[in-house]
Amino acid sequence: MGKAHVAVVGGGLVGMALAYGLLRRGCQVTVFDEGDDAFRASRGNFGLVWMQSKGAELPNYARWTRRSTQLWPALAADLAAMTGTDVGLSQPGGLDMALSEAELAEKAARLEQLREEIHDYPFEVIGRNRLKEMVPEIGRRWSAPPMVRRTVT
């Protein structure tokens, strides 16, 4: 093994995306990976890479995360063009349940602050009817307050 400019620790979804991006920029990269038994983002998040509420106290991290969600479609297209394999990227956003009106208000305020700080942090507070449209399987007895829906479009 020769010398590398950059070492990436972890060969999961995020690590390999980083290595790929660095290679495209002309860096020599070595990836160190524990193997298929490692618990990494790909396994822990079932391959999900989404904004969640990342960066509530760190707006620069929130900007970085937001930008990465915007770059994933181009990466997916590049990989499909290079390999002929569709990676199945889907970015529908996520749901974040609140168990009380107070918790909902706190979550929505934190996300609104992020939106004000980074100017591009899409989310909406949804009620039970909208939730039922999105998740028809939700039971009739669902009585929790509205939820926060995070989108990545």
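Look a little higher up for the structure.
In every chain, residue numbers begin from 1 and rise along the written sequence. Residue-level local features of this predicted model are given only where pLDDT is at least 70; pairs of side-chain atoms are given and counted only at 80 or more, and the full residue set underlies all totals for whole chains, interfaces and linings. Values reported for side chains reflect all heavy atoms of the structure, with hydrogen atoms and water molecules removed beforehand.

Trainee: Explain helix H1 (residues 13–24) to me, using residue names and the numbers behind them.
Mentor: A run of DSSP states H or I qualifies as a helix once it reaches four residues; a run of E qualifies as a strand once it reaches two. Both are numbered from the N-terminal end. In this analysis, the expected span of each helix is defined as 1.5 Å times one less than the number of residues it contains. With twelve residues, H1 should reach 16 Å at 1.5 Å per residue; the first-to-last C-alpha distance of 17 Å fits that figure. Elements in contact with the buried residues of H1: strand S1 (6–9), strand S2 (29–32) and helix H3 (59–83). Taken from the residues just after H1, Gly-26 is the one with a positive phi, measuring 90 degrees. When checking whether two residues touch, look at their non-hydrogen atoms; a contact exists if any pair is within 4.5 Å.

Trainee: Summarise the pairing of S2; cite the residues concerned and give the values.
Mentor: One requirement defines pairing of two strands: DSSP has to find at least two bridges between them. As paired strands, S1 and S2 are joined by four bridges and run parallel to one another. Across the sheet, Val-8 pairs through a bridge with Val-31, a residue of S2. We call a crossover right-handed when, viewed with the strands running away from us, the connection from the first strand over the helix to the second turns clockwise. Handedness of the crossover joining S1 and S2 through H1: right-handed.

Trainee: Please provide a residue-by-residue account of the nonpolar core, values included.
Mentor: One finds Met-51, Ala-62, Leu-111, Leu-114, Ile-118, Tyr-121 and Phe-123 forming the largest nonpolar core, which totals seven residues. Looking at this core, the element that brings in the most residues is helix H4 (residues 101–118), giving three residues. We call a set of buried Ala, Val, Leu, Ile, Met, Phe, Trp, Tyr and Cys residues a nonpolar core when their side-chain atoms join them within 4.5 Å. Only protein chains enter the accessibility calculation, which uses a 1.4 Å probe; a residue whose area is less than 20% of its type maximum is buried, one above 50% is exposed, and one in between is partly exposed.

Trainee: How would you summarise unusual backbone geometry if you had to cite specific residues and measurements?
Mentor: Unusually for a residue other than glycine, His-119 sits at a positive phi of about 65 degrees. By relative accessible area, which is 68% here, His-119 ends up exposed.

Trainee: Could you give an account of the environment of Gly-12, with specific residues and numbers?
Mentor: Its place among the elements puts Gly-12 in the loop between S1 and H1. Note on Gly-12: relative accessible area 11%, which makes it buried. For the pair formed by Gly-12 and Asp-36, sequence separation is 24 residues and the distance between their alpha carbons is 8.9 Å.

Trainee: Outline the pattern of salt bridges, listing residues and values.
Mentor: For this document, the term salt bridge refers to a Lys or Arg side-chain nitrogen within 4 Å of an Asp or Glu carboxyl oxygen. The full count for this structure, using the stated rule, is seven salt bridges. One salt bridge in this structure joins Arg-110 and Glu-106, with 3.4 Å as the shortest N-O distance. With a gap of four residues between them, Arg-110 and Glu-106 both fall in helix H4, about one helical turn apart. By relative accessible area, Glu-106 is classed as exposed at 51%. Between Arg-115 and Glu-112 there is a salt bridge, and its shortest N-O distance comes to 3.2 Å. Taken as a pair, Arg-115 and Glu-112 lie in helix H4 at a separation of three residues, close to a single helical turn. When salt bridges with common partners are traced through the structure, they connect Asp-96, Glu-103 and Lys-107 into a single cluster.

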